[in-house]
Amino acid sequence: MRDEIIPSDHGQHPPPVTPIYKTSVFRGPRMPLLSLNGSLSELTGPRFGHGAMGALDNDLYRNFQHGGEPIGERIIVHGRVLDGNAKPVAGALVEFWQANASGRYRHVNDRFEAPVDPNFGGCGRTVTDDEGRYHFRTVKPGAYPYRNGIGDWRPSHIHFSVFGTAFAQRLITQMYFEGDPLIPHDSILNTIPDAAARTRLVAKLDLAAQVPQHTLAYRWDIVLRGHRSTLFENRLEGN
Amino acid sequence: MFTPDSLGRLPETPSQTAGPYVHIGLIPRQAGFEIFADDVGAAPLPPGEPGERIRVEGRVLDATGALVRDALVEMWQAKADGSHGLFFRTGTSFETGLWSFDTVRPGAVPARGGAAPMAPHLCLWLAARGLNRGMHTRLYFGDREEANAADPVLRFIEQPNRRATLVAARTERDGVPVFTMDIRLAGDGETVFLDV
Ligand SMILES: [Fe+3]
């Protein structure tokens, strides 16, 4: 039997339709979600071992070099994946992708007039250790404009994808950088109605984790939904 | 970094859209480059995997009926014996808007509380530009009418006509059963999405 997952707190998340982010009006579902309250299909989930990771998969500074080094400000991003009971999630697959230092993505559909960095791919992945820790090295992504409101720019951000132990915990989100003046103006971050929830997507400068004379560091923790503790033992088998 | 509340709990990290460039991180070959030895969820079904070989495919449509050609589609399913499971990941095609998986037909999975098992189904999860959260849904098989009629999840759907949004129609191609199900994110015939 699998422990159930605490239901999602929808107030922490953006609603499906948020007119400040125009594409959500075309694509956001309008009908209420059907509440399942957990079945084996969603309480299980794929697991990914450390063995499946390449040696450079968590080093965006080195994993796409073609005869040179990426341009930009070298940074380490690190933190923990926890669940809603503040317990570390070990063995979580964390994947990340981002623009290069000038705000350009290595993607066939990105038309922003900024150079593609020949030595920067912009994606990586890692699996959390027994304490739920993850870390990777990269360059700080640049801001970029996008087609939404006239004059909309995205703050520097890194996209994150996380698998916990259950498919129900599946999460994709974005991490921002403390002190970025574009943050209050961002239409995507502002799809989240709760101000305190928005601040939880902002990584903190972590001088203690830097590599002196070489690389700055930022810290950001991720919280997935927790498991519900079983208070009574009268549950039927097979759920 | 975060401090638990007085009950020792932490609030969930909020979701954000996967954006238009989700392919870079999760299916980099579709973004136009090779970087990992093996992209997550891209490996074909192992040749020895027991079960009936099937193909599932469909389109993703927005509220206006336009194709969503930049969506990420993930699939988690039971194996033929009902145990979990198999995981696949793809994207809708930039040209045709189609997603597809070649897999095996899953077995029945036990339901909550010892009730009759759920009808065989695939769990689908979508992320895309314009979706503020990843969306969970399911695919049931159109040639299993009796099992579908008894399925506790399909029966939870209050409006009988909405149940059909989770049932894929069967055809056949080159001797392989093909199950087709379009996912309508919003508007007429909106797919039933799940709060799991
Ligand atoms: Fe982005």
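**With respect to the overall build of chain B**
Of regular secondary structure, chain B possesses five helices and ten strands. Each principal axis of the C-alpha atoms in chain B carries an extent, and together these give about 50 × 45 × 40 Å. Counting over 196 residues, chain B shows a buried share of 55%. Of all intrachain contacts in chain B linking residues separated by at least 6 positions in sequence, the fraction that spans at least 24 positions is 61%. For chain B, the exposed surface amounts to about 7700 Å²; the carbon and sulfur share of it is 51%.

**Quick word on the interface of chain B and chain A**
Taken residue by residue, the interface counts 75 residues in chain B and 90 residues in chain A. Note on chain B versus chain A: buried area summed over both sides is about 7300 Å², and carbon and sulfur give 61% of it. Here chain B is connected to chain A by five salt bridges. On the surface where chain B and chain A come into contact, there are 42 residue pairs in polar contact (both at pLDDT 80 or more).

**What to know about the layout of surface pockets**
In this model, the largest pocket occupies a volume close to 920 Å³. As for the largest pocket, its lining consists of 35 residues, of which A:N109, A:Y146, A:R147, B:P20 and B:Y21 are closest to the centre. Contributions of two or more residues to the lining of the largest pocket are made by helix 1 (23-27), strand 6 (144-145) and strand 7 (153-154) of chain A. Here the lining of the largest pocket is composed, by residue class, of 14 nonpolar, ten polar and eleven charged. Across the lining of the second largest pocket, the residue classes break down as 15 nonpolar, nine polar and five charged.

**Considering the nonpolar core**
One finds A:V81, A:F160 and A:I222 to be the most contacted residues of the largest nonpolar core, which totals 66 residues. Looking at this core element by element, the count peaks at five residues for strand 9 (residues 171-177) of chain A. With near-sequence residues (within four places) excluded, A:V81 lies in contact with A:K87, A:P88, A:V89, A:A92, A:V94, A:T128, A:G132, A:Y134, A:V162, A:I222 and A:L224. Core analysis: the next-biggest nonpolar cluster, separate from the first, contains 27 residues, B:W99, B:F101, B:L126 and B:A128 among them.

**Topic: the side chain of B:R105**
Residue and element names in this part refer to chain B. Residue placement: R105 occurs in the loop between strand 4 (98-104) and strand 5 (121-127). Side chain to side chain, R105 and E52 meet in a polar contact 2.7 Å long. Residue contacts for R105: discarding those within four places in its chain leaves E52, I54, A80, F141, D143, R144, R170 and F179.

**Here we look at the confidence of the model for chain B**
In the predicted model, chain B carries a mean pLDDT of 95, and the fraction of residues at 70 or more is 99%. Reported confidence for the predicted complex is 0.96 by ipTM and 0.96 by pTM.

**Focus: the side chain of A:E4**
Tracing the backbone through its elements, the reader meets A:E4 in the segment before helix 1. Of note is the side chain of A:E4, whose polar atom sits 2.6 Å from the side chain of A:R228.

**Structural notes on the packing of aromatic side chains**
Per the stated rule, a full pass over the model turns up 17 aromatic pairs over all chains. Geometrically, the ring pair formed by A:F64 and B:F33 is edge-to-face, given 5.5 Å between the ring centres and 80° between the ring planes. You can see A:F64 sitting in the loop between helix 2 (40-43) and strand 2 (74-83) and its partner B:F33 sitting in the loop between helix 2 (28-31) and strand 1 (53-61), one on each of two chains. On the basis of relative accessibility, which here comes to 9%, the residue A:F64 falls in the buried class. Residue B:F33 is classed as buried on the basis of its relative accessible area of 7%. Ring centres of A:Y134 and A:F136 lie 6.3 Å apart, and the angle between their planes is 25°; this geometry places the pair in the stacked category. Grouping residues by exposure puts A:Y134 and A:F136 together as buried. Each residue in the set A:F96, A:Y134, A:F136, A:F160 and A:W220 is aromatic and connected to the rest through ring pairs, giving one cluster. Here the guanidinium or amino end of A:R125 rests over the ring plane of B:F36, the centre of that ring lying 4.1 Å away.

**Here's the deal with the coordination of the iron ion**
Residue and element names in this part refer to chain A. Coordination of the iron ion by the protein is provided by Y105 (OH), Y144 (OH), H157 (NE2) and H159 (NE2), with metal-donor distances spanning 1.9 to 2.2 Å. For the iron ion, the four donor atoms are set out with angles of 91 to 160° between them, so the coordination reads as irregular. Sequence spacing among the residues donating to the iron ion works out to Y-x38-Y-x12-H-x1-H. Comparing H157 with H159, the two get one shared label, buried.

**What to know about the pattern of salt bridges**
With the rule as written, the count across this model stands at 26 salt bridges over all chains. With a closest N to O distance of 2.9 Å, A:R133 and A:D129 form a salt bridge. The exposure class of A:D129 is partly exposed, given its relative accessible area of 24%. Residues B:D102 and B:R55 are paired through a salt bridge, measuring 3.0 Å at the closest nitrogen-oxygen approach. In this pair, B:D102 is assigned in strand 4 and B:R55 in strand 1, connecting sequence segments 47 residues apart. Given a relative accessible area of 23%, B:R55 falls into the partly exposed group.

**A short note on the environment of A:A168**
Note on placement: A:A168 falls in the loop between strand 8 (157-163) and strand 9. Put simply, A:A168 and A:E4 are 164 residues apart on the chain and 9.7 Å apart in space, counted from C-alpha to C-alpha. In contact with A:A168, not counting residues within four places along its chain, are A:I5, A:E42, A:R225, B:H136 and B:V196.

Criteria and thresholds
Residues numbered from 1 in each chain as written. Chains lettered and ligands numbered in written order. Predicted model: local features only at pLDDT ≥ 70, side-chain atom pairs only at ≥ 80, totals over all residues. Heavy atoms only, no water. Helix = DSSP H or I, 4+ residues; strand = E, 2+ residues; numbered from the N terminus. Buried < 20%, exposed > 50% of the residue type's maximum accessible area, 1.4 Å probe, protein only. Contact = heavy atoms within 4.5 Å. Areas by Shrake-Rupley, 256 points an atom, 1.4 Å probe, with all protein chains shown as cover. Buried area = accessible area lost by both parts, 1.4 Å probe. Salt bridge = Lys/Arg side-chain N within 4 Å of Asp/Glu carboxyl O. Polar contact = N/O pair within 3.5 Å; in protein donor to acceptor, adjacent residues only side chain to side chain. 1 Å grid on protein atoms, 1.4 Å probe; cavity = no way out; pocket = protein on both sides within 12 Å on 5 of 7 lines; lining within 4 Å. Points joined across faces, edges and corners; volume = space filled by probe spheres on them. Nonpolar A, V, L, I, M, F, W, Y, C, P; charged D, E, K, R; others polar. Core = buried A, V, L, I, M, F, W, Y, C linked by side-chain atoms within 4.5 Å. pLDDT = per-residue confidence, 0-100. Phe/Tyr/Trp six-rings, centres within 6.5 Å; stacked < 30°, edge-to-face > 60°. Lys NZ or Arg CZ within 6 Å of the ring centre and 35° of its normal. Donors = N, O, S within 2.8 Å, 3.2 Å for Na, K, Ca; no water. Tetrahedral: all angles 85-135°; square planar, octahedral: opposite > 155°, others 65-115°.

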